[in-house]
Amino acid sequence: MNLRLLICLCFFLPASLLPAQPGSIIASGTGKRIEIPFQYENNFIIVEVIFEWLFPMKFIFDTGAEHTIITKKEIVETLDIPYVRDFKIIGSDMKQELVAHLISGIPLQVGSLYAPNQNLLVLDDDYFRFEEFTGVNVHGILGANFFRSYVVKINYQKKVLTLELPKNFDPPERFTEIPVTIFKNKPYLIVKTKIGADSSAINLKMLLDTGASLSALFHVKTHPRLNMPVNVLKGNVGKGLGGYLEGYLGRAKSLSIGDFHLNEVLTNFQELSESMDTSSLNGRHGILGNQILERFQVVINYPEEKLYLKPTKQFYKKFTYDRSGLILVAGGYNLNNFVVHELVPGSPAEQAGIKTGDIIKRVNWIPHWAMSLDSVSKILKGKPGKKVKLKIKRGDETLCIKLVLRDLI
């Protein structure tokens, strides 16, 4: 079963294989900093990227990806852009070997940030299928090579990225400074966590990853005392490059980033087999994703390897998980056809008689065409005991089904 289709945009490629990556520049006349608006959909930061000075595309802003990649190779082939060479890359499950192509000399623009001569990776196949699992048409991933020379501020509440040259940057007031390590353009930090109520706290090295829609993922047994909690749901903890990530969903008793303490953190646990080559993990024990980062205003000073955090009003909200047991995918021209992909066994949805392949036509009084996958997900994460009425299409039948939400983990 799939506990929920969260996506981790991680893949592993020896950086020495790629040509040196040209930097990006802020257009003259825009001042000391630029602001880039973004969409925040299904816990992803999505920005508009102008490709080849002409074509608007949507990319996920991903601090956990070293390189910028295009997931829809048909765009590149339509423009007859030649491949320079091919690469073998290892998926986020660290098992499957996949194919990517290198294109070079590509101009990109994000807001007033220009990168006239970029090297990009093009996936041989659309391994992510973003449109199904996020409800948004996404064409690529904006990796850290694009913004590594800047101070980057992420304001989740205002949905704005701010990029500033380091020479113009002054540490923000009322933010807490936390050291990070930048390795292959990616930021790592140390967090302290307690997995179970009776366990002692341990320090773990985590990747700060805005390309992960989850809250946290731990690689079990990469630390002598990093074990799973007692109560977990088994299944696929997410979707990454190369397929689904097998693992478990549970809760960490606490997780601390500097002086900020979070309790009962919804956490994914991934078991790594002894046969896996984990050298590409750079000694990390897991990742921190957007469901934790969105509780802060976040500033990453890449050149000086510093992180600044300021908690928002969302900091103390509880970590909630889908309470229906429905695993949905989006389809149709406007991505507002919602199909039941899978069901959590024993969940309210399964007990109510919903089946894989059912198409949701209405949620409570709202028709499917007036909703997004994100808005449906929010309803299905409602309070325990809340009743949700669904109008379902099953073959030639139309069914009205009522389910009562309850906690699954």
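Structure's up top.
What you see is a predicted model, and the numbers here were worked out from it, not measured in a lab.

S.K.: Looking at this structure, how should I read the sheet that holds strand S14 (residues 176–179)?
M.R.: Strand pairing in a sheet relies on backbone hydrogen bonds. The paired strands run either parallel or antiparallel. Strand order in the open sheet made by the 6 strands is S3-S13-S12-S23-S24-S14, with antiparallel pairing throughout. Each edge of the open sheet carries a strand with a single partner, namely strand S3 (33–37) and S14. For this sheet, the mean inter-axis angle between neighbouring strands, taken without regard to orientation, is 20°. Bridge count between S3 and strand S13 (residues 160–164): 5 bridges; the pairing is antiparallel. Across the sheet, the residue bridging to Glu 35 is Thr 162, located in S13.

S.K.: I keep staring at the layout of surface pockets and nothing clicks. Help me out?
M.R.: The calculated volume of the largest pocket comes to roughly 520 Å³. Around the largest pocket sit 21 residues that line it, and Tyr 40, Asn 43, Glu 294, Lys 317 and Lys 378 are the ones nearest its centre. Of all elements in the fold, only strand S4 (39–41) and helix H5 (373–380) reach the threshold of two or more residues within the lining of the largest pocket. Ranked by residue count, the leading element in the lining of the largest pocket is H5, at 3 residues.

S.K.: Even after reading the chapter, I still don't get the pattern of salt bridges, so can you show me in this structure?
M.R.: Pairing is possible between side chains of opposite charge, provided their charged atoms come close. Per the counting criterion, the structure on display carries 11 salt bridges. A salt bridge links Lys 72 to Asp 126; its shortest N-O distance comes to 2.6 Å. A residue pair is termed long-range when its members are at least 10 positions apart, and Lys 72 in the loop between strand S7 (69–70) and helix H1 (73–78) and Asp 126 in the loop between strand S10 (113–123) and helix H2 (130–134) qualify at 54 residues. Side by side, Lys 72 and Asp 126 carry an identical accessibility label, which is buried. In this structure, a network of salt bridges that share partners links the residues Lys 73, Glu 77 and Asp 124.

Criteria and cut-off values
Residues numbered from 1 in each chain as written. Predicted model: local features only at pLDDT ≥ 70, side-chain atom pairs only at ≥ 80, totals over all residues. Heavy atoms only, no water. Pairing = 2+ DSSP bridges. Helix = DSSP H or I, 4+ residues; strand = E, 2+ residues; numbered from the N terminus. Axes fitted to C-alpha atoms, helices over the stretch in contact; angles between N-to-C directions. 1 Å grid on protein atoms, 1.4 Å probe; cavity = no way out; pocket = protein on both sides within 12 Å on 5 of 7 lines; lining within 4 Å. Points joined across faces, edges and corners; volume = space filled by probe spheres on them. Salt bridge = Lys/Arg side-chain N within 4 Å of Asp/Glu carboxyl O. Buried < 20%, exposed > 50% of the residue type's maximum accessible area, 1.4 Å probe, protein only.

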